[in-house]
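One-letter residues, chain by chain:
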Amino acid sequence: MLLAYPFRVLVPRRAAPEAATSVAVALLLLAAAADLVPTSVVIALAAGAGATLAGLRLSRLATRRDTDPTPRAAGVLLDAAVVAAGLTAVVLPLTDLGHTLAVLIGSLVVAALATAGLHLLPGRSRPAASVRLRWLVESTGPAVGLALAGWLLLPTDGLPVPVRLGAALTLGGLGMAALNAFAGPRRRSGAAVCRGGVLLTVGGLVLLATLPSAPAGRVALLAVPPLVFGMLLVAVGAADAADDAEPADAAEPADPAAAAWPRTVLPAAVLLLASGLHLGAGRAPDRTSVLLALVAVPPLVLRELLRAGDAPTSGRRAAHRRPAGRSLRHRRATPARWPGTPEPPPERGPGAPEGTSTAMGAGSTWSPDHSSAWWGPNRRPSLTSGTPGDRAALLDALAAIGEVSVPAGALLLVDLHGTEGIGPTAREDVLAEAVHRARAVIAADDLVTGCTGTGFAVVTAAGPVLAYALGTRLLSALSPPYRLAGAMLRVQTSIGLAEVSGAGPADVLRQAELARRRAVQLGRDRVEWYDAFLEEQLVRRLDLERELPGAVARGELDLVYQPVVDLADGQPVGAEALLRWRSPVLGTVLPAELLPVAEDLDLVGELEWWVLDRACRQLSDWSVGVRELWMAVNVTTRELTTPDFVQRLAAVLAAYGVPPERLVVEVSEPRVAGDLPTVVARLAGLRSLGVRTALDDFRAEHASLAQLRRLPIDLLKVGPELVGARPDGQPPLIDVVVNVGERLGVELVAEELESSTQVEGARRGGCRYGQGFALARPATAERVEAYFEEFPSASR
C-alpha cells in the first residue's frame, strides 16, 4: 500500500495499465541483463504483456457501439495487427521455418493489417502532393544516416550481407518515418501516435529477426522496447483518434518548426554513436558503409537548398542568430516598366531641380494603373488595379528586385478591410491616404504598387527579418481612423509576406496571397509569413468551406455530452451539449475548427438552432429516468441578440415538454461587451421564461468583474488558470471571483479540469460544480445516460 500510493498520485488512472506494463517490462529487461531470467523468456513475457494490453484496448474500440463503423473496422484491423505481433515474437520462432524467416513473415502480416487499419482511422491527414514531396526529400538523408547506423551496429556473424543490408535500410526507413509521425506538424493527433506506434512495432520485429536469437546473447533484448511500447502506442493513438473528446490544447495550431530538431538531431546523434562504437571496436569502415555515406549526401544537399528558399524558416532563424545592431544591406534596384506605360522619371542627380523624383523613392512610387504609371506625391491610386496587366507589372517588379538586390528582398501584400460600405470615391480616398501613410514608413528603395481595389503591394529589397519589421510598421501606420466627409472610418489591415529569393515571381505572388489569406482567417490586423505548411492548412480550410453548407440537411451533425458534477459529493448535476460534425470526407470536426468557418459562411444560426433543438429533445428523453438533471447549451452573442431568440427558444421547450429551468444557456464572456445592453436584455428575458443563464470563459479581469454586476446570470464558468496559485505568490484569483459570486448570488462551475490536483483546488477554492476530463469525458447520449444510472440519487 505504501508503494502504491505514489503510483496512484503520479500516474493518471486511465494510463495506469500502460504504466504498470512499462514498469514490468523494464524490470524484466534488468533481470535479463543480470542473467537472472533467460532472454527468450523475457522476450516472450514482454511481448505477450504488451500485445495483451494493447489488444484489450483495441477490442473495446472495435466493439464500441457509439462510434462510426469506420473507426470500429480500424480497431478490428489494428487489434489483429498487435495480436499478430505478439504471436510473431512468442510463437513463430518456435516453428520449423527458422527464427529469421518466421519473424519476417510475421512482420509482413503485421504491416499489412496495420496499414489497412491506419487507412480507416479517423483524423488521418491528407497533405498536398507538394508537401509530401518536401517531406520525402527532407527525410531521405536522415533515413540513410539511420540505415548506416544500423549497418554499423548489426552483428556480422551469422548474418548474410544482403539480409544485413536489407534490415539496415528497413530500420532506417522505419525509424525516420516514426520520427516524422512523433515530431511532425500533426504529432499531437491520435492518428499520428498510432502510426508511430505501428512503425515502432514493425521495427522491433525487424530487430528481433536480425539480432542473434536466445540463448546466443542478450543483444536480442534491444528489440523489446520498440516492440512493446510500439504496441501500446498503437492502442493509445487509436483510442484518441476515435475519441470524441477534444484535448486541452486542441485549439492551438501545431507549429512544425517547434519539433524540427528531433528529425535532424536524433538521426545525427544515433549515427555518431554507431560510428564511435564501430571504430572503438577496432573495425574499419567497409565498402558498404562508404557507399551509404555517399548516398546520404545528395538528399542532404537538396534539403538545404530547399530550406534556403523557405522564407519564414530562414527569417526566423536569422532573427535569433543575428547580433544586435547588425543590419541587412540592400542595393538600389532598377524599376521594371510594363507595356503601355511611359518611361519612369529619371533619377535626380546632385544638381537636378528639387521637383525631380528619384527612380524608386518613397515620394515617387510606381503604380500598375495604365492611366497613372507612378503614384507620385500628388497622384491618386485608381481602383482599376487588379487587372491582368497589373499582375504582369507586379511580376516584372518582383523579377527586377530579385535580380539585383542582396538579399533578394520580399513582397508584402496589404489588404484593407472595412471599406465595403462606402462609395468608390470614398474608397479611393481611403486607399490614397493609406498609400500616403505607407510612404512615411518604407525605405527610399521600396516600391508601392497597386494589386487590388482594397489594397496595395510593397516590394522591398530588405531581407526577411527587416521585411517583417516593415510589415509591423505598416500595421501601426494604417491602423488610425480615416477622416471621410467629417466622419471617421476605422479599417483593419491584413498583410501577407513572402520572400523573393528561392522562387519565381509568380510563386512569390501566390505565396504572399496565401499568407495574406491566413492573416484574414486569424483575425486581421496582423502580418503572416508564408511557410511550406501554410498551403496544407488553407486546403483544409477550403475543404471545410466546401463541405459545411448542407451538413445539417445531410444529417452529419452530432452531439456529445460532458457531465457536470457537484464537487462536494461527486454526484452529477447536469451535462453540457457539445457539437461534433461527422463529415464523411473530413472525419470528425471539433467546434474549435468548425465555428470560425461557420461564422465566415453565416451558418452559425442554423447550427446553433439545430443544437438547441437536439439538446432539448435529448433532455426530454432523459426526463423519464433522471428528472432533475439540467442541460447546458452554448450560444453566440450574435444569435442571442436576435429579436426573436427568447420566443423561438420558448417554442422549442414547449414542443418537447421540457421545463425551462432544466435548460442552461451559456454565452462567452469575452464577446458580450460588443453589445452589452442587448445581451443583458436577452438574458433577462430568458430568466423571466425560467431558463437559467451562464457566463462562460470568465477571465477575472477588472473590466470583467465590473461587467459581471450588470449581467443577469445564474452560473459563472471559470477555467483552471484561476484555481492555481499565481507566480507572484498572491492567493489564487478564484478567491476574488468566489467573493463576488457570493454577493451576486451566482454559483461557480470550474471547467477544463484535467487533473485531480485541479479538481481539489477548485473544490477548496469554493467552486460548487466541476467539469473536465478528470471528472468525466464527453460521450454519446447512451454512455452518459449509463453514467447517470451509476448515481441513482442524482437530482439537483
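Computed from a prediction, not measured in an experiment: that's the story for all the values here.

1. Some details on the overall build of the protein
Okay, so step 1: Helix and strand counts for the protein come out as 27 helices and 18 strands.
Okay, so step 2: Buried positions account for 48% of the 796 residues belonging to the protein.
Okay, so step 3: For the protein, contacts bridging at least 24 residues in sequence account for 71% of all contacts bridging at least 6.
Okay, so step 4: Here the protein displays about 36600 Å² of accessible surface, and carbon together with sulfur accounts for 60% of that area.

2. Comments concerning helix α26 (residues 756-765)
Okay, so step 1: Of all the positions in α26, only Val-759, Gly-761, Ala-762 and Gly-765 are classed as buried. Buried residues along α26 cover an arc of 165 degrees about the axis, so they all sit on one side. Facing away from the buried side of α26 by more than 90 degrees, the exposed set consists of Ser-756, Thr-757 and Arg-764.
Okay, so step 2: Where α26 is buried, its residues contact α25 (734-744) and β17 (747-750).
Okay, so step 3: Phi for Gly-766, located one or two positions after α26, is positive at around 110 degrees.

3. Focus: the confidence of the model for the protein
Okay, so step 1: Chain-level statistics for the protein give a pLDDT mean of 77 and a share of 77% at 70 or above.
Okay, so step 2: Counted against residues more than four places away or in other chains, residues 244-258, with its pLDDT under 50, gives 25 contacts.
Okay, so step 3: Long-range and interchain partners of residues 311-388, a stretch whose pLDDT sits below 50, account for 153 contacts in this model, where long-range means more than four residues apart.

4. Brief notes about the pattern of salt bridges
Okay, so step 1: Under the definition given, this model contains 22 salt bridges.
Okay, so step 2: The salt bridge involving Arg-526 is made with Glu-528; its shortest N-O contact spans 3.0 Å.
Okay, so step 3: In this structure, Asp-566 engages Arg-768 in a salt bridge whose closest nitrogen and oxygen atoms are separated by 3.9 Å. One end of the pair, Asp-566, is in strand β10 (residues 557-566); the other, Arg-768, is in the loop between α26 and β18 (769-770), and 202 residues separate them in sequence.
Okay, so step 4: A residue is classified by how much of its surface remains accessible, and Asp-566, at 7% relative accessible area, is buried.
Okay, so step 5: Given the relative accessible area of 37%, Arg-768 is considered partly exposed.
Okay, so step 6: Among the charged side chains, a salt-bridge network with shared partners connects Glu-576, Glu-666, Lys-717 and Glu-751.

5. Observations concerning the nonpolar core
Okay, so step 1: One finds Leu-649 and Leu-716 to be the most contacted residues of the largest nonpolar core, which totals 78 residues.
Okay, so step 2: Per-element tally for this core: the top contributor is helix α19 (residues 604-622), with 10 residues.
Okay, so step 3: Contacts of Leu-716, omitting those with residues within four sequence positions, involve Leu-695, Phe-698, Leu-708, Val-737, Val-746, Glu-747, Leu-748 and Val-749.

6. Considerations on unusual backbone geometry
Okay, so step 1: The phi dihedral of Asp-35 falls on the positive side, at around 60 degrees, and the residue is not glycine.
Okay, so step 2: Among the secondary structure elements, Asp-35 is positioned in the loop between α2 (16-33) and α3 (39-63).
Okay, so step 3: A positive phi is found at Asp-525, a non-glycine position, where the angle reads about 55 degrees.
Okay, so step 4: Along the chain, Asp-525 turns up in the loop between α16 (505-521) and β9 (526-529).

7. Observations regarding the pairing of strand β13 (residues 630-634)
Okay, so step 1: For β13, the buried fraction is high: four of the five residues fall into the buried class.
Okay, so step 2: Sheet topology note: the strand β11 (residues 572-583)/β13 ladder contains three bridges and is parallel. Paired with Glu-576 across the strands is Ala-632, a residue of β13.

So, how was this worked out
Residues numbered from 1 in each chain as written. Predicted model: local features only at pLDDT ≥ 70, side-chain atom pairs only at ≥ 80, totals over all residues. Heavy atoms only, no water. Helix = DSSP H or I, 4+ residues; strand = E, 2+ residues; numbered from the N terminus. Buried < 20%, exposed > 50% of the residue type's maximum accessible area, 1.4 Å probe, protein only. Contact = heavy atoms within 4.5 Å. Areas by Shrake-Rupley, 256 points an atom, 1.4 Å probe, with all protein chains shown as cover. Arc of directions from axis to C-beta. pLDDT = per-residue confidence, 0-100. Salt bridge = Lys/Arg side-chain N within 4 Å of Asp/Glu carboxyl O. Core = buried A, V, L, I, M, F, W, Y, C linked by side-chain atoms within 4.5 Å. Pairing = 2+ DSSP bridges.

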